[in-house]
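Listed below are the residues making up each chain.
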Amino acid sequence: MSAPTAARPVDAEQTGRRVEEVLDRLAGSDPAAATAAEELVRSLMDFYGSGLARVLHLLSAAPGDPLARLLGDDLVASLLVLHDLHPEDRDTRIARALDSDSVREHGLEAVDFDEESGALTLRAREAGGCGCGSGASAREAARAALACFAPEVTAVEVQTAPAGPALLQIGTGPAPTGTR
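The text that follows walks through the structure, step by step, so that each part is easy to find. None of the values given here were measured: they were computed from a predicted structure.

Helix and strand content of the protein chain: seven helices and three strands. Starting at the N terminus and ending at the C terminus, the protein chain contains elements arranged as α-α-α-α-α-α-β-β-α-β. The 180 residues of the protein chain split such that 24% are buried. Total accessible area computed for the protein chain in this model is approximately 12600 Å², and 57% of it derives from carbon and sulfur atoms.

Here is the structure:
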């Protein structure tokens, strides 16, 4: 990911007129398409409105590093990534995703990222007790977090930890007969 660039200047009034023109054009040709387009615009406005509200809240919240608070927020981070404004590189964002609350409990670490296919291979840091881990839930948790922080990851593979040595039970048995 490249370094953040300055946003292009956008004229709000001109953009509003342009959106209205496109919606009017769609309404004249296909009412179903116009309804779908209006729903799309409304959904995007809700998404961006929520992101901006979150930015304001995070900036006005408790003291500390405002950038860290912004980058740690899933909604704001996803907006920054979406517009290529996130200041962290891909590997750092992947590490941040794997350290998020929903993924940390699965103890996953990145092993390899294939840039061509977008596949990320993960491995459990340590085997969990009985060895019956929950690979599917770990993969889904990682996939959800990565969608926010690193959308260039298009597939997630979780390697299962190798099984540990078999447990050997040693106990006392009956004393052999005929010996003292």
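Structure shown, so let's carry the discussion forward.
With that settled, the discussion passes to the side chain of Arg 93. Its location among the elements puts Arg 93 in helix α5 (residues 90-98). Here the side chain of Arg 93 touches Glu 88 through a polar contact of 3.1 Å, landing on its backbone oxygen.

Burial of strand β3 (residues 155-159) is one-sided: the residues Val 156 and Val 158 facing one way are buried, the residues Ala 155, Glu 157 and Gln 159 facing the other way are not. Bridge count between strand β2 (residues 119-124) and β3: five bridges; the pairing is parallel. By the bridge assignment, Thr 121 is partnered in β3 with Glu 157.

What follows covers the packing of helix α1 (residues 12-29) against helix α2 (residues 31-60). Running from amino to carboxyl end, α1 crosses α2 at an angle of 150°, the nearest separation of the two axes being 6 Å. Considering the angle they form, α1 stands roughly antiparallel to α2. Judged by residue contacts, Val 19, Leu 23, Leu 26, Ala 27 and Ser 29 of α1 engage Pro 31, Ala 33, Ala 34, Ala 37, Glu 38 and Val 41 from α2. Within the contact of α1 with α2, the residues separate by chemical class into nine nonpolar, one polar and one charged.

The next point concerns the nonpolar core. Soluble globular proteins tend to bury their nonpolar side chains together. Leu 122, Ala 142, Leu 146 and Val 153 are the most contacted members of the largest nonpolar core, which has 20 residues in total. Secondary-structure elements contributing two or more residues to this core are α5, β1 (108-114), β2, α7 (135-149) and β3. In contact with Val 153, not counting residues within four places along its chain, are Ile 94, Phe 113, Gly 118, Leu 120 and Leu 146.

Now for the sheet that holds β2. Reading across from one edge, β1-β2-β3 is the order of the three strands in this open sheet, with mixed pairing throughout. Across the chains shown, the open sheet's two edge strands, defined by having one partner strand only, are β1 and β3. Neighbour-to-neighbour, the strand axes of the sheet open up by a mean angle of 25°, direction not taken into account. Pairing geometry for β1 and β2, over six bridges, is antiparallel. Directly across from Asp 112, in β2, lies its bridge partner Thr 121. In the packing of α5 onto the sheet, the strands contacted are β1 and β2, and the crossing angle to β1 comes to about 145°.

Criteria and thresholds
- Residues numbered from 1 in each chain as written.
- Predicted model: local features only at pLDDT ≥ 70, side-chain atom pairs only at ≥ 80, totals over all residues.
- Heavy atoms only, no water.
- Helix = DSSP H or I, 4+ residues; strand = E, 2+ residues; numbered from the N terminus.
- Buried < 20%, exposed > 50% of the residue type's maximum accessible area, 1.4 Å probe, protein only.
- Areas by Shrake-Rupley, 256 points an atom, 1.4 Å probe, with all protein chains shown as cover.
- Polar contact = N/O pair within 3.5 Å; in protein donor to acceptor, adjacent residues only side chain to side chain.
- Pairing = 2+ DSSP bridges.
- Axes fitted to C-alpha atoms, helices over the stretch in contact; angles between N-to-C directions.
- Parallel < 35°, antiparallel > 145°, perpendicular 65-115°, else oblique.
- Contact = heavy atoms within 4.5 Å.
- Nonpolar A, V, L, I, M, F, W, Y, C, P; charged D, E, K, R; others polar.
- Core = buried A, V, L, I, M, F, W, Y, C linked by side-chain atoms within 4.5 Å.

Any functional reading would require information beyond the geometric quantities listed.
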